[in-house]
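# A closer look at the structure
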Amino acid sequence: MSHIALVTLVVRDYDEALSFYTGALGFELVEDTDRGDGSRWVVVRPRGTDGTGLLLARAKDEEQRGSIGAQTGGRVGFFLHTEDFAGDHERMRAAGVRFLEEPRHETYGSVAVFEDLYGNRWDLLQPA
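So, here is what we can say about the structure in this document. What you see is a predicted model; the values in this text were computed from it and never measured.

Let's shift gears to helix 3 (residues 85–94). Buried within helix 3 we find F85, H89 and M92. Down the axis of helix 3, the buried side of the element spans an arc of 70 degrees, and every buried residue falls inside it. Residues of helix 3 that are exposed and point over 90 degrees away from its buried face: A86 and A94. Those residues of helix 3 that are buried are in contact with helix 1 (14–24), strand 6 (98–99), strand 8 (109–115) and strand 9 (121–127).

Here it is, written out as structure tokens:
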């Protein structure tokens, strides 16, 4: 059986990205390996999961820098599922995460759109 192991997220700086994802979002650091050429292999994922991780890849050139925060063309491109929507929403707000809307309760679950530190849009979602 196949599964998606990693999704690359182009970032401006490894350490600021790590601070946001492990601090504000509460992800765990899975790996941070110096590759010897000035780049690092940095993987984070939501705590307590063995699922898909994010490879935080520092932009190497102007073209890549231009994609930071716009990797999905302004659409929600990432979906963070939770079992405690209210608790996680409050914790993330207190940590400075910018939500673009108030929580909504839809037939499919509770949801609110937020931005990461670069402007990529995410859904915080507790499925119904």
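Going through the model one piece at a time under the given rule, you end up with nine salt bridges. Residues R104 and E101 are paired through a salt bridge, measuring 3.0 Å at the closest nitrogen-oxygen approach. In this structure, R104 engages E106 in a salt bridge whose closest nitrogen and oxygen atoms are separated by 2.9 Å. Look at R104 and you get partly exposed, because its relative accessible area is 27%. Since its relative accessible area comes to 34%, E106 is described here as partly exposed. Each of D15, D32 and R40 takes part in salt bridges that share partners, so that together they form one network.

On to the nonpolar core, then. The biggest cluster of nonpolar side chains holds 28 residues, and the ones touching the most others in it are Y21, L56 and F114. Residue assignment for this core shows that the elements contributing at least two residues are strand 1 (6–11), helix 1, strand 3 (40–46), strand 4 (53–58), strand 5 (76–81), helix 3, strand 8 and strand 9. If you tally residues by element for this core, the top one is helix 1, at six residues. If near-sequence neighbours (up to four positions away) are discounted, F114 is found in contact with L25, L80, M92, V97, R98, F99, L100, N120, R121, W122, D123 and L124.

With that out of the way, let us pick up the pairing of strand 4. Where strand 1 and strand 4 come together, six bridges link them in parallel fashion. Note that in strand 4 the partner of T8 across the bridge is L55. Counted between consecutive antiparallel strands, the loop separating strand 3 from strand 4 contains six residues, among which G48 sits at a positive phi close to 75 degrees.

Note that S110 resides in strand 8. Between the C-alpha atoms of S110 and D84, which are 26 residues apart in sequence, the distance is 9.9 Å. Here S110 is in contact with F85, R104, H105, L124, L125 and Q126, once residues within four sequence places are set aside. Within polar-contact distance, the side chain of S110 engages the side chain of H105 at 2.8 Å.

The rules behind these values
Per chain, the residues get numbers from 1 upward, laid out in the order the sequence is written. Restriction of local features to residues with pLDDT of at least 70 applies here, the model being predicted, together with a cutoff of 80 or more for giving and counting side-chain atom pairs; totals for whole chains, interfaces and linings are based on all residues. Each side-chain value is derived from all of the structure's non-hydrogen atoms; neither hydrogens nor water enter the calculation. Each residue gets one of three labels from its accessible area relative to the maximum for its type: buried under 20%, exposed over 50%, partly exposed in between, using a 1.4 Å probe on protein chains only. Numbering of helices and strands starts at the N terminus; helices are DSSP runs of H or I of at least 4 residues and strands are runs of E of at least 2. As used here, the arc is the angular range of directions from the helix axis to the C-beta atoms. The contact criterion used is simple: two residues touch if any of their non-hydrogen atoms lie within 4.5 Å. What counts as a salt bridge is simple: a side-chain nitrogen of Lys or Arg found within 4 Å of a carboxyl oxygen of Asp or Glu. The definition of a nonpolar core used throughout is a set of buried Ala, Val, Leu, Ile, Met, Phe, Trp, Tyr and Cys residues joined through side-chain atoms within 4.5 Å. Strands pair, by our definition, only if DSSP identifies at least two bridges between them. Two N or O atoms count as a polar contact when they lie within 3.5 Å, although within protein this holds only if one can serve as hydrogen donor and the other as acceptor, and sequence-adjacent residues are included solely when both atoms are side-chain atoms.

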